[in-house]
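Results of the structural survey
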Amino acid sequence: MSALAWTGSVSAALPDPLARALERHGVPQAAVSLWVQAPGAARPVIAHRPDVPRNPASTLKLVTTLAALEVLGPAYRWETAVYAPDPVEDGVLQGDLYLRGGGDPFLVSEEVWKLAGALYRSGVRRIRGDLVLDLSRFRLPPEDPGAFDGQPFRAYNQPPHPLLMNFNAVRFELHPQPQAGIVRVAVDPPLAHLQVENRLHLDDHGSCTGPARQVRYHVPEPSRVRLEGGVPTHCGPSTLLRTASGPERYAHDLFRTLWAQWGGVLDGGWRLGRVPDPEAEPLLVHHSPPLGELVRLINKYSNNVMTRQLNLTLGLEVHGSPATPEKGHRVLQDFLRGRGIGLGGFVLDNAAGLSRENRLTARQLAGVLQAGWESPYRPEYIASLALAGMDGTLRRRFQDTPLAGRMHLKTGSLRGVSAVAGYVRTAGGGDRLVVLLIRHPGLTHGQGVSIQDAFLTWVHASD
């Protein structure tokens, strides 16, 4: 019998610390599912409502990243190909430069700078034509980035894209300068055509808890932003991470900026198109860091768009080009079936967990954790999870406690949803797979964290 096929309950009652935390926050026990088990054990230590499908929020990333490690392998790298069909004469490309996106989830500024440098070293100094963006590797449905929560310019809402540079995000650094009576705004990266209208003022009474949240952010038109509101005088610098244009315009502006840093010149603008002969040898190919490194960024910091890029890549590699969300979802479903994890109640709408429709049971998620424990890539998988009290989404939790450094976990939170799952080393040195899923109207993020902490503290103390 599979370790997760057991259907009884070792403990009819929830642990007292968890039950008290739920009561304190007005959450009924029926709104909770949990599973605690020693890896490979025949039965769980405790299982409560393990087969009720609930929204897993970002703990769904545990499924996507493990499937990617096992299907693609930790050495997998994405390719961004550069084509120059026209001749290069005395360092001048007599036509257009083509970039064919491969869905690289980590084509950040430093990587684009490397790509531009490789192009410069290849002998190209000037591009007479346009930068042509070939997006043919993905076929994506139209998507409103503000549909989820009405925040279309938040970086976490950025949709996937075959040529996504720097997550299509701009970091606005806000520097209060009381002596000058102004708030200075610095932009990273310094995009070629980005215009910033700074209407910020100093505020002597503002709160230092998330000072950038008091800033009103507007995009009257692509690549032109307006910042309004007060910035606390006494809080020091703060940052605002937002999108400011579509990913194609962003890619052009970032490439132009970094190409100029190498001494290169781009005469034209940008347009969409396809490489004239996709079978031709590219001028150069830029490779991403390996997947084994990137899953750490995805899970530790819960990066939504990287996860969605990963899901599309799974569909592309298993079911062929072009990548579609449906192909990626099919790979995840097949992965679960292949590990003996039933799909009853499983609903997959968004592979990053940024959805109100996703559903997963505690038993299914525990099955994924068990598969991760048995995987040949267990070190890469577990090391990708946030380490309590030390890094990622858990860096400020359990600091200076016996639990610091003894839990590798993935957290998740949506309005009315709180979830945590991963691996806990107990005080006695044993290991536990843990899953806690809560769905209750009105549950706040802070309440969810408080309940999670009570649960995890109990697991660590038990043996």
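What comes next is a walk through the structure. Everything numeric in this text was worked out from a predicted model, so none of it was measured. (Residues numbered from 1 in each chain as written. Predicted model: local features only at pLDDT ≥ 70, side-chain atom pairs only at ≥ 80, totals over all residues. Heavy atoms only, no water.)

**Quick look at the sheet that holds strand β20 (residues 417–425)**
One open sheet accounts for six strands, arranged β2-β1-β21-β20-β19-β18; its pairing is antiparallel. Each edge of the open sheet is held by one strand with a lone partner, namely β2 (46–48) and β18 (386–387). Sheet topology places strand β19 (residues 407–414) next to β20; eight bridges connect them, and they run antiparallel. Note on β20: the bridge partner recorded for leucine 414 is valine 417. (Pairing = 2+ DSSP bridges. Helix = DSSP H or I, 4+ residues; strand = E, 2+ residues; numbered from the N terminus.)

**Considerations on the packing of helix α2 (residues 61–72) against helix α8 (residues 362–374)**
Two elements in contact, α2 and α8, have axes separated by 10 Å at closest approach and are oriented at 30 degrees. Crossing hand, α2 versus α8: left-handed. Taken together, the residues of α8 that come into contact with α2 (itself represented by Leu62, Val63, Leu66 and Glu70) are Leu365, Val368, Leu369, Ala371 and Gly372. (Axes fitted to C-alpha atoms, helices over the stretch in contact; angles between N-to-C directions. Left-handed = near helix turned anticlockwise from the far one by under 90°. Contact = heavy atoms within 4.5 Å.)

**Re the side chain of aspartate 134**
Tracing the chain through its elements places aspartate 134 in strand β8 (residues 131–134). The buried charged residue aspartate 134 lacks any salt bridge, with arginine 100 as its nearest oppositely charged partner at 5.0 Å. At 3.0 Å, the side chain of aspartate 134 and the backbone nitrogen of valine 275 are in polar contact. Sequence-distant contacts of aspartate 134, that is, excluding residues within four places in its chain, are made with Leu99, Arg100, Gly101, Gly273, Arg274 and Val275. (Buried < 20%, exposed > 50% of the residue type's maximum accessible area, 1.4 Å probe, protein only. Lys, Arg positive; Asp, Glu negative; His and termini not counted. Salt bridge = Lys/Arg side-chain N within 4 Å of Asp/Glu carboxyl O. Polar contact = N/O pair within 3.5 Å; in protein donor to acceptor, adjacent residues only side chain to side chain.)

**What to know about α2**
Taking 1.5 Å per residue as the helical rise, α2 with its 12 residues ought to reach 16 Å, and the 16 Å between its terminal C-alpha atoms agrees with that figure. α2 sits mainly inside the fold: 10 of its 12 residues count as buried. Immediately beyond the C-terminal end of α2, within one or two residues, lies glycine 73, with a positive phi of roughly 90 degrees. (Expected span 1.5 Å × (residues − 1).)

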